[in-house]
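Structural features, examined
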Amino acid sequence: MNHRLSFWLLASFLLGGCGQQLHQSNRIQWPTMGTIASVRCSTPEDAEAAKRYCETIFQRQETIFSVWDGSSELSQLNLTAGTGAATACSKDLSHVLVKAMTLCQESEGAFNPLIGPALRIWGFNGASPVHQQPGNEEIADALRLADWRQLHTIQSSTNSVSVQIPLQGMKLDLGAIAKGYAVDQAYATLKSAGCSNLLINLGGNLRAIGESGKDNGGWWTGIRDPFGKRQVFARFLLRDGEAVATSGNYERFVTIQGRRYAHIIDGRTGIPVRGMAGTSVVAPSAELADGLSTTLFILGVEKGTEFLTRYHPECRAIWIPDTGKETDYAIAGNWQPNQLEILDKP
Ligand code: AMP
Ligand code: MG
């Protein structure tokens, strides 16, 4: 089992509730999109039906957004880099790309969908293992290929944009936002199919429909303790329609000369973010929660709070800095009293 999958097997136990088995009567989980998905419903029949819907949707999203599958729409688009070709993207890819570019502009390149080459020089995304930290020149090259100001999307029809990737070697990576989008797709389909109480979880991207039981007001869910001192760091209430996403330095990382580097790279410097263990964001859509959790992980508490207040005041966030001390957490946004519980407060 690869490292990422084993992490999510553990995380999905925690984030989705207190499941002890892979297949509880009203909760089902299965591997998909390089991670673990789960659904929780009121009855086993509902869970089975919801899983079938989600499975089809997630498999389809993988054929669009995977950077591991050379035949995915995104991989094919990346092959056009530097050729001068402008490619009309599907509705799904167009939508996610435009959202990703918006976050990129808002964060002035901290969140950067052209992060692909920078990920590879640190040994991510299928690159050969790296034995020493990339040098300044290598980092400068990757940053040149991450120059998002050169990437333009042109509306080619109502739901589609055309993209010309200007430089050879540029590579789009939408791993920071595509899972959230997939969850929103599942959410919309399940809602229109009449599903009334359900919690969807795709690798730590959750969205709620209804509530877990009568008068519960939503679904209580948990954030894993990144320091592993207790199972759950905090619990909070996810209300009908709300979504939460978590970005963590423990999810995926490489070790170079004994030092761990996380898979989230600051798009402005080309260097993996240090000092942050985990960031979770509650938002009105899973796509926004996903994009923001990565952005705020990079920006950190101070800049991230300013960013949230300025661009996304409807959202709320929690940061757990990598100090080893759970008490060092920070929150921002519209948390309501009684909807966030930090466990084992000192
Ligand atoms: P998440 O777990 O949602 O925070 O997403 C992490 C993934 O986002 C990584 O595995 C990369 O595929 C991608 N990524 C890393 N750094 C960035 C960045 N600066 N901007 C956008 N995507 C990134
Ligand atoms: Mg994300």
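Everything that follows concerns the structure shown earlier in this document.
A few points on the structure. Going along each chain's sequence as written, the residues are numbered from 1 onward. For this description, chains carry letters from A and ligands carry numbers from 1, given in the order in which they are written. Residue-level local features of this predicted model are given only where pLDDT is at least 70; pairs of side-chain atoms are given and counted only at 80 or more, and the full residue set underlies all totals for whole chains, interfaces and linings. With hydrogens and water stripped out, all remaining heavy atoms of the structure feed into the side-chain values.

Right, let's talk about the site of ligand 1 for a bit. For each residue, the test is whether any non-hydrogen atom lies within 4 Å of the molecule or strand; if one does, the residue is near. Surveying the vicinity of ligand 1 reveals 18 residues, the closest of which are Asn112, Asp173, Ser247, Ile265 and Thr294. A distance of 2.6 Å is found between a nitrogen atom of ligand 1 and a backbone nitrogen or oxygen belonging to Ile265. For this analysis, a polar contact is any N or O atom pair within 3.5 Å, provided that within protein one partner can donate a hydrogen and the other can accept it, and provided that sequence-adjacent residues contribute only side-chain to side-chain pairs. In this structure, an oxygen atom belonging to ligand 1 sits 2.6 Å away from a side-chain N or O atom of Thr294. Starting at the N terminus, helices and strands are each numbered in turn, a helix being any DSSP run of H or I of at least four residues and a strand any DSSP run of E of at least two. Counting residues per element, the shell around ligand 1 draws most heavily on helix α8 (residues 286-311), which supplies 3 residues. Its residues assigned to classes, the shell around ligand 1 comprises 8 nonpolar, 6 polar and 4 charged. Ten residues, namely Ala, Val, Leu, Ile, Met, Phe, Trp, Tyr, Cys and Pro, are considered nonpolar, four, namely Asp, Glu, Lys and Arg, are considered charged, and the remaining ones, Gly among them, are considered polar.

So, about the pairing of strand β5 (residues 152-157). Looking down a regular strand, the side chains alternate between one sheet face and the other. Counted residue by residue, β5 has 0 buried out of 6 residues, so it is predominantly exposed. When DSSP locates at least two bridges between a pair of strands, those strands are taken to pair. Looking at chain direction, β5 and strand β6 (residues 160-164) are connected through 5 bridges and run antiparallel. Residue pairing for β6: Gln155 is matched across the bridge by Val161. Between the end of β5 and the start of β6, which pair antiparallel, lie 2 residues. To sort residues, take the accessible area from a 1.4 Å probe on protein chains only and compare it with the maximum for the residue type: under 20% means buried, over 50% means exposed, and anything in between is partly exposed.

This part covers the packing of helix α2 (residues 44-65) against helix α4 (residues 91-106). Between the N-to-C directions of two axes lies an angle of 0 to 180 degrees, each axis being a line fitted to C-alpha atoms and, for a helix, fitted only over the stretch in contact. One way to put it is that α2 packs onto α4 with a least axis distance of 10 Å and a crossing angle of 70°. Between α2 and α4, the angle falls in the class roughly perpendicular. The crossing of α2 and α4 is right-handed. Across from Arg60, Gln61, Ile64 and Phe65 in α2, the residues of α4 making contact are Asp92, Leu93 and Val96. Considering only residue class, the contact of α2 with α4 consists of 4 nonpolar, 1 polar and 2 charged. Comment on the angle field: the value is read as roughly parallel under 35 degrees, roughly antiparallel over 145, roughly perpendicular from 65 to 115, and oblique elsewhere. Should the near helix be turned anticlockwise from the far one by less than a right angle, the crossing is left-handed, and should it be turned clockwise, the crossing is right-handed. Throughout, a residue-residue contact means that at least one pair of heavy atoms, one from each residue, lies within 4.5 Å.

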